[in-house]
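# Per-entry structural report
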Amino acid sequence: MKITDIRIRRSSKEGKMKAVVSITFDDEFVVHDIKIIEGEKGLFIAMPSRKTTDGEYRDIAHPINSETREVIQKLILDKYHEILLENPGTETEMPQG
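The present account deals with the structure reproduced in this document. On a predicted model such as this, the values are computed, not experimentally measured, just so you know.

Within the structure shown, the criterion is met by 5 salt bridges. With its nearest N and O atoms 3.5 Å apart, the salt bridge here joins E38 to K18. Residue E38 is found in strand β3 (residues 29-39), and its partner K18 is found in strand β2 (residues 17-25); the two are separated by 20 residues along the sequence. A salt bridge links D78 to K74; the nearest nitrogen and oxygen atoms lie 2.7 Å apart. Of the two residues, D78 and K74 both sit in helix α1 (residues 66-86), 4 residues apart, roughly one turn of that helix.

Written out as structure tokens, the structure is:
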């Protein structure tokens with residue numbers, strides 16, 4: 001499976017959340033609401049989640065293994081850094097090749 005599109009909407013608010021991302025796999029399946037968060041050790045991604053009845057947050061969609069998470073995170077953060085350098089706008093679409 002290949003990521004064929006990454007769309008990043010930078011946050012206009014100050015805070016730890018820097019952007020919201022949608023990624024498309026094989027031009028056929030999309031995952032929305034991945035967040036780019038600035039943590040103590042730098043940027044990381046948080047998969048889409050929802051609050052359960054007991055107040056916990058659970059991922060709605062997520063990679064099955066850490067290797068896949070690392071690949072997705074690297075692609076997203078690389079694109080995020082590109083737009084910080086190249087594009088002052090708040091919404092950017094970045095197709096993959």
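As a further point, take the pairing of β3. Side chains on a regular strand alternate between the two faces of the sheet. Bridge analysis of β2 against β3 gives 7 bridges, and the strand direction is antiparallel. What sits directly across from M17, in β3, is I37. Counting the residues that bridge the hairpin from β2 to β3 gives 3 residues, and of these D26 lies at a positive phi of roughly 50°. Bridge analysis of β3 against strand β4 (residues 42-46) gives 5 bridges, and the strand direction is antiparallel. Within the sheet, the bridge partner assigned to K35 lies in β4 and is A46. Between the end of β3 and the start of β4, which pair antiparallel, lie 2 residues.

Turning our attention to the pairing of β2. Within β2, 7 of the 9 residues are buried, leaving the element largely enclosed by the surrounding structure. Pairing between strand β1 (residues 3-10) and β2: 7 bridges, direction antiparallel. Each residue of the ladder has a partner; that of R10, found in β2, is A19. In this antiparallel pair of consecutive strands, β1 and β2, the connection spans 6 residues, and G15 shows a positive phi of 145°.

Taking 1.5 Å of rise per residue, 21 residues should cover 30 Å, and α1 covers 30 Å from first to last C-alpha, within 8% of that figure. Of all the positions in α1, only I72, I76, L77, K79, Y80 and I83 are classed as buried. Seen end-on, α1 carries its buried residues on one side only, within an arc spanning 160°. Residues of α1 that are exposed and point more than 90 degrees away from the buried face comprise E67, E70, V71, K74, L85 and E86. Put simply, N65 is the residue that caps the front of α1, since its side-chain oxygen is 3.3 Å from the backbone nitrogen of E67.

Each value, and the rule that gives it
Residues numbered from 1 in each chain as written. Predicted model: local features only at pLDDT ≥ 70, side-chain atom pairs only at ≥ 80, totals over all residues. Heavy atoms only, no water. Salt bridge = Lys/Arg side-chain N within 4 Å of Asp/Glu carboxyl O. Helix = DSSP H or I, 4+ residues; strand = E, 2+ residues; numbered from the N terminus. Pairing = 2+ DSSP bridges. Buried < 20%, exposed > 50% of the residue type's maximum accessible area, 1.4 Å probe, protein only. Expected span 1.5 Å × (residues − 1). Arc of directions from axis to C-beta. Polar contact = N/O pair within 3.5 Å; in protein donor to acceptor, adjacent residues only side chain to side chain.

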